[in-house]
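# Architecture at a glance
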Amino acid sequence: MSGAAAMKGLATLGKSALETGLGQTALAEIKEGAAVVAAKAGVKLSQEAMEIGAGTASKGTIQTMSDLFRRHPGEVVTAVPRRYLGGGGDGIKAHTLSIDILHPDELFTRVATQRQNANLFGKQLENGIETRRLHYLNVNEAREQAHVTLSLGNRIAGIGGVRSNRMDPTELWVDHISVEAKHQGKGYARHIIESIYDYAQRRNQQVVPSGFTTMGQRLKPIFMEMNERYPSAASPLPFRNF
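I will try to describe carefully the structure that is included in this document. (Residues numbered from 1 in each chain as written. Predicted model: local features only at pLDDT ≥ 70, side-chain atom pairs only at ≥ 80, totals over all residues. Heavy atoms only, no water.)

Quick look at the pattern of salt bridges now. Taken as a whole and assessed by the stated rule, the structure comprises 15 salt bridges. The closest approach of N and O atoms between aspartate 67 and arginine 70, which form a salt bridge, is 3.4 Å. In this pair, aspartate 67 and arginine 70 are both assigned in helix α4 (residues 65-70), three residues apart and thus about one turn of the helix distant. Given a relative accessible area of 1%, aspartate 67 falls into the buried group. What makes arginine 70 partly exposed here is its relative accessible area of 43%. (Salt bridge = Lys/Arg side-chain N within 4 Å of Asp/Glu carboxyl O. Helix = DSSP H or I, 4+ residues; strand = E, 2+ residues; numbered from the N terminus. Buried < 20%, exposed > 50% of the residue type's maximum accessible area, 1.4 Å probe, protein only.)

Dropping the structure here:
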């Protein structure tokens, strides 16, 4: 794969994964191509990037087009053990409710290979109204985020999209918290938010929510609670509203 083809592949990965059922082989090819582009651009992981999550395993690096153009090393996604949440009061069996930290490649692979998640970026009808399955999950931005992913068995029921502030890598930005409509009100967002704070704490980062919409106001008290529970990962900035 040429450098130009690899760059084009990265830009269109989310779309092609949905439209063509892109599998493991194609994903690996694009990822390998991206590495070639990075090498040609003279990009190497800096000591700063390696220090985030020092002493922990890595799931790989998120390197955006902007990173390549600016010769930024990108963001290392720290490997965190799967967190099992046990059963719920709605017939959910123990050990089927879990949270994983997914690299973008892992998320798109699940979309491509798991029928339960084939329409993760699609729309659906809820009480006659067309909505996104995960309201704030955006296929164009998902390639640039690490995904704190809550699953019921294999079905992805909620995601917290996060990314490091490239200008200040001590900050972990929370782009969105999205829970499938039929699973809202079950405490799933709380589990995702707590896992985000745990992730930030492991990486010596502080959690910075992007802002709270009208819909997201109910999550603000949870972030405030987590600020107190995880002081080393507490947001250094006041919360703001959209």
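A separate point is the side chain of glutamine 145. Looking at where glutamine 145 falls in the secondary structure, it is placed in the loop between α6 (139-142) and β7 (146-152). Since its relative accessible area comes to 1%, glutamine 145 is described here as buried. Of the polar contacts made by the side chain of glutamine 145, one reaches the side chain of aspartate 175; its length is 2.9 Å. Excluding anything up to four places from it in sequence, glutamine 145 contacts Ile62, Pro104, Gly161, Val162, Arg163, Asp175 and His176. (Polar contact = N/O pair within 3.5 Å; in protein donor to acceptor, adjacent residues only side chain to side chain. Contact = heavy atoms within 4.5 Å.)

With that settled, the discussion passes to the packing of aromatic side chains. Within the structure shown, the criterion is met by six aromatic pairs. When the ring of tyrosine 197 is compared with that of tyrosine 230, the centres are 6.1 Å apart and the planes differ by 35°; the resulting orientation is tilted. Linking tyrosine 197 in helix α7 (residues 188-202) with tyrosine 230 in the segment after α8 (220-229), this pair joins segments that are 33 residues apart in sequence. Of the two residues examined, tyrosine 197 and tyrosine 230, each falls in the buried class. Relative to phenylalanine 239, the ring of phenylalanine 223 has its centre 6.2 Å away and its plane inclined at 75°; by these criteria the two rings are edge-to-face. Taken together, the residues span a long stretch of sequence, with phenylalanine 223 in helix α8 and phenylalanine 239 in the segment after α8 at a distance of 16 residues. (Phe/Tyr/Trp six-rings, centres within 6.5 Å; stacked < 30°, edge-to-face > 60°.)

In this section: α7. Its 15 residues place the ends of α7 21 Å apart at the C-alpha level, agreeing with the 21 Å of an ideal helix rising 1.5 Å per residue. For α7, the set of buried residues is Tyr188, Ala189, Ile192, Ile193, Glu194, Ser195, Ile196, Tyr197, Tyr199 and Ala200. Of the residues flanking the end of α7, it is asparagine 204, one or two places downstream, whose phi is positive at about 55°. (Expected span 1.5 Å × (residues − 1).)

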